[in-house]
Structure formats: C-alpha cells, structure tokens
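Understanding the architecture of this molecule
In case you want the letters, here they are:
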2 protein chains.
Amino acid sequence: MRTPADNAQLALLLEVAGTPKPGNVDRHREYDDLRFEHFLAGSVGAGDGLRAAEADAAIGSAFEECVEGMSHQRGGNTQFGCLLNLVPLVQAAASNRLSPTGVQAVCRETTVADACDFYRAFEHVPVAVDDPPADLDLPDVRRGADAAMEIRERGLTLWEVMELSAPHDGNAREWVEGFPRSFAAAEEVLADEGTATERAARAFLRLLVEEPDTLVATQHGPDVAREVQERAAAVGDDLDRAAALAEEFVDAEINPGTTADLTAAALFVALERGWQV
Amino acid sequence: MRTPADNAQLALLLEVAGTPKPGNVDRHREYDDLRFEHFLAGSVGAGDGLRAAEADAAIGSAFEECVEGMSHQRGGNTQFGCLLNLVPLVQAAASNRLSPTGVQAVCRETTVADACDFYRAFEHVPVAVDDPPADLDLPDVRRGADAAMEIRERGLTLWEVMELSAPHDGNAREWVEGFPRSFAAAEEVLADEGTATERAARAFLRLLVEEPDTLVATQHGPDVAREVQERAAAVGDDLDRAAALAEEFVDAEINPGTTADLTAAALFVALERGWQV
C-alpha cells in the first residue's frame, strides 16, 4: 500500500500530468524554461521531506527539506505552493487526522521555529511574490533566513504568519481554514469518472472558477485574475473547450499556479480516501 | 542531491515521459487499459524497494519489494523489466561500483535466495512471458513462489537463472553482461541535446535499432520483432518520423517493452553521471 508520503508524491505527479489545465504545465504543454521534466524531478526530490513529514518531523523543517529537494532541477520553482499544502496534509493523514479540523490542528500547533524554516525555504528557489502589501505586518519572505531574528523577536509562529497572509494568498487562506476547498474538490474527484489525468484537469477547472488565482493576480494584476476566473467559468467541465483556453493562456503566460497547488492537495486527499489509479 | 534510489525513480518517470517512443506508453500516447497514470503510480510505488536496494538489501528481496510496490495501480505490469535492471544498478551506484564490471560483480554475487525472491515477484503482476523454450532448463517463471523448492534443490542462484535466460531475453542478457547497451546509451544521452523527454525518446529509438525487442518477439513472433527493428532503423533519430511510427505501432499494439527497460537503465546511468534535468 502507498503511504501518505507516497500519495503526496503521486498527487504531485498526477497534478502536473492532468490535462488540459489552462495556462499551466501539463502532460501536453510546457514553457521553454519550465518543462514537464522539471516537475517530475521536483516530485522525486521532494520525497525525503514528505517522508519526514509523515514521520512527524516539524512542519517547517519537513517543508524546507521538501523545497530543497525539489530545487535540484533547472526549472526553478515547480511545486513550492503544492508542498506547503501537502506537508500538513501528510502529517494529518499519518496521524489519522485527515479532516478539516484535524489538519487545522496540525497547522495550529506550528511554532516559531516552523516559521523560521518556512522563511528559509524561500532561499532554495525563486518564488514569484510581489512587494508585501502595506497592511501586511510581516517580514518580506524574500529576506529568507535573514528574517529569522525578527520572527523570533516577535515570537511569530507559522500559523500566525499564515493567518496574517491569508487575506492576500489563496494557499495561506486554505492552510488556516482547514483546507475546505481541497477537501470539497477531493470529493468531486472521487465522484468523477474518466482517467486520472482528466479528473485532475476537471478538479483544476472547478477550483479556478471558485476564486481569483493568487499567482495570476501577482503576475498580471487583479483584473486579469478575475478575467481568468470568468473565462474558466465559461468553459466549465468541458475539456475540449479547456484545451482551447489552455493554448491561449500558455501564449499569454497566464499561469494559475495557486489553483494548481490546491489541485495537488485535492488529489492527495482523494488518494488517501481510496481513489484507485 | 538526488540519491541513487531517487535517480532510479526519476529514470522511470523520464522513461515513460519520453516521447515519441513508438508503440509504448509515453507522454502523449497510451492504451485504454495501460495509461500514463499507471506508470506514475508504479514509479512512486517502487520507491521503497529502490531505497532498500540502495541500503544494500539483497537484490532479489529489493526487486520483489519494488514489484510489489509497483503493483498498486490498475494497469498491471508497468515496470517489471525496468526494475529488474535498475535494482542492481542502484546497488552498484550506492557502493561506488557503477561501471560494467562493478554492476556485473553485484549481479554475480546474487544467491539462491535472490532467485527465489525473483520468482516470487512474478506473483504480484501478470508478466508477459511465453512457454519456456524447450532448451531452457529452468522452472517456468509463471510458477512464482511454487518454483522455490526446485530452485533450492538445484541450488540455482539468480545469476545462474539470468545466465540461462540470456539467450532468450534481452534484459537477462544485459544483466549478465554488465549492462553494455545501457552504459553506451547513457553516454549518448549525455552527449545529446534537447529536452529530457526528447533525449529519452532518441535513446529508445537507438536501442530499438540494435536488437529485436524481446517483448515484441514474445507477443508477435520473431519476424515482427525484426520488422520493428528495421522500421526503427529507417526512422533513425528523426522524432517527427518516430511520431508517425508511434501512431502505427500503438494501433497494432506493438509494444517494445524490453527496449523501454533498457532505456530506463540508460537514463539512470546518465543521471548518475551528472545529467542535469
């Protein structure tokens, strides 16, 4: 049987293989500098960190180990956000707490050391982030390990970092709310029919309709993020229409990465709940 | 850095992602009952066995663990032959013996217990094998663990099983000869240019030209295996022509699986020798 760490690795692979996922690297599409193979290498490299999470290592340290391992490929940041979601979910599954309240408890137990390791993880790959909003009272993540002193002085736990980030970041919101969108999407994957790569694509499309994608908003502004959401709503579950949209989004380099991060979380939960591949 | 077990897992993933690989499942092609996702799950499932091989477990037991782990997906046998090649190569790499003579020494050290575990591995998935040839003095592998008593009475080591199988099986030949084709193909991968999935495809195409594929010979007879070899020779390194051949071979269900097994071995050696993905 696959362990939670195995299922997390498989979720990373099924996420990137899912096709068509408009704007993202998928089984049939890639960018010149961010290719399918980079995601395969990232998934393999994250293995040790995922197994550490399963073996009850601290969330921050397991996450940093995942990101460090992921970084040994030439595509840069492939799965930073996916791993941020998967690490607490793996730990919840390994301790029989894979429910919204269970994983929320795992997240709430994080410490100041976890926050420092989270910041350190930003040193391994270039993560697409904007200048922090004026009303966000947190050290800039781009400071990496240099932010540790401020984190310690202020006694900020990783939970508190995520809570403060939640209004600005789709992954942080999911993290502090007990992954409600991921758990709901997992149920849809389980109820869906068709191949795993089709189910992954439909999960992605549904999540894309729900909320503006944080990464698109960061890279292209909030108006484009809302437009992407509307275009996805018009496509619905229709994979042929999604394929046409995929060509268009890839050309425009519109990359709904945060939605992919949630898709990976949803696929993980579905695998843990008995989805047979 | 990736460990040998990590590189073996990545080699499995890059092998199946390599495209176009005429007749085999690849990034863009699959069969209704043998899909890309089955190979992803097989690669993840083999992880524990590959890590056991790296940690110096017995070859037979590590291989059986790989196959058992690989079997937790609905495609049946995805990577039995790949793993048969990768397990001794991983162990050779982990003990700084990754050369033809080094891996041959690893294989030569196998025992009767390794042979019994090799037979047991056939119980986990349906492996495509014919009735054993009349001149092959070995228990039928389809007997699985039931063959153990005969193996023990005759004192057959895994090395001897492979030596006897070598005239009939491309993987067994590679195994007892120190993987000469895999090491040569790895050098070509390192010298090649282009994306990882293109390099994997060209490695496959070159290996397909060298010898008739054992699995094609088993499933369609020796004449078809020779014809496949000739068709591949006419295509050469040209991936556009290979794509056309791929459509034709998939329609005819011609699946050069043994050549894919050698490709995975070649990709592993290339990764160990510094190939950057």
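Refer to the preceding data block for the structure.
In short, a report on the structure.

What counts as what
- Residues numbered from 1 in each chain as written.
- Chains lettered and ligands numbered in written order.
- Predicted model: local features only at pLDDT ≥ 70, side-chain atom pairs only at ≥ 80, totals over all residues.
- Heavy atoms only, no water.
- Buried < 20%, exposed > 50% of the residue type's maximum accessible area, 1.4 Å probe, protein only.
- Helix = DSSP H or I, 4+ residues; strand = E, 2+ residues; numbered from the N terminus.
- Contact = heavy atoms within 4.5 Å.
- Buried area = accessible area lost by both parts, 1.4 Å probe.
- Salt bridge = Lys/Arg side-chain N within 4 Å of Asp/Glu carboxyl O.
- Polar contact = N/O pair within 3.5 Å; in protein donor to acceptor, adjacent residues only side chain to side chain.
- Nonpolar A, V, L, I, M, F, W, Y, C, P; charged D, E, K, R; others polar.
- Phe/Tyr/Trp six-rings, centres within 6.5 Å; stacked < 30°, edge-to-face > 60°.
- Core = buried A, V, L, I, M, F, W, Y, C linked by side-chain atoms within 4.5 Å.
- Lys, Arg positive; Asp, Glu negative; His and termini not counted.

In terms of residue burial, helix α3 (residues 47–54) of chain B counts as a mostly covered element, since six of its eight residues are buried. What α3(B) keeps buried is the set B:G47, B:G49, B:L50, B:R51, B:A52 and B:A53. In the core, the buried residues of α3(B) are packed alongside α1 (4–17) and α3 (47–54) of chain A together with α1 (4–17), α2 (36–45), α4 (59–70) and α5 (80–94) of chain B. Taken from the residues just after α3(B), B:D56 is the one with a positive phi, measuring 75 degrees.

The next thing to look at is the interface of chain B and chain A. Taken together, the contacts link 29 residues of chain B with 29 residues of chain A. Here chain B meets chain A over a buried area of about 2800 Å², counting both sides, of which 56% is carbon and sulfur. Taken together, chain B and chain A are joined by two salt bridges. If you look at where chain B meets chain A, you find 18 residue pairs in polar contact (both at pLDDT 80 or more). Listed by contribution, the elements that provide at least two residues to the side of chain B that touches chain A are α1, α2 and α12 (196–210) of chain B. Counted by class, the side of chain B that touches chain A contains eleven nonpolar, eight polar and ten charged residues.

Now for the packing of aromatic side chains. Per the counting criterion, the structure on display carries eleven aromatic pairs over all chains. For the pair A:F36 and B:F36, a centre-to-centre distance of 6.1 Å together with 40 degrees between the ring planes defines the contact as tilted. Separated into two different chains, A:F36 in helix α2 (residues 36–45) and B:F36 in helix α2 make up a pair that spans both. Considering the side-chain rings of A:F118 and A:Y119, the 5.8 Å spacing of their centres and the 90 degrees angle between planes classify their relative orientation as edge-to-face. A relative accessible area of 5% means that A:F118 is categorised as buried. On the basis of relative accessible area, A:Y119 is assigned to the buried category, the value being 1%. Aromatic rings pair up to connect A:F63, A:F80, A:F118, A:Y119 and A:F122 into one cluster.

On to the nonpolar core. The biggest cluster of nonpolar side chains holds 160 residues, and the ones touching the most others in it are A:L50, A:F118, A:W175, A:F268, B:L50, B:F118 and B:F268. Sequence-distant contacts of B:L50, defined by excluding residues within four places in its chain, comprise B:A5, B:A8, B:Q9, B:L12, B:C66, B:L83, B:L86 and B:V90.

Residue and element names in this part refer to chain A. Looking at the secondary structure, you find D114 in helix α7 (residues 112–121). Among buried charged residues, D114 stands out as having no salt bridge; its nearest opposite-charge side chain is R120, 9.5 Å away. Separated by 3.4 Å, the side chain of D114 and the backbone nitrogen of I59 make a polar contact. In contact with D114, not counting residues within four places along its chain, are A58, I59, G60, S61 and L158.

So yeah, pure geometry; function would need other evidence.
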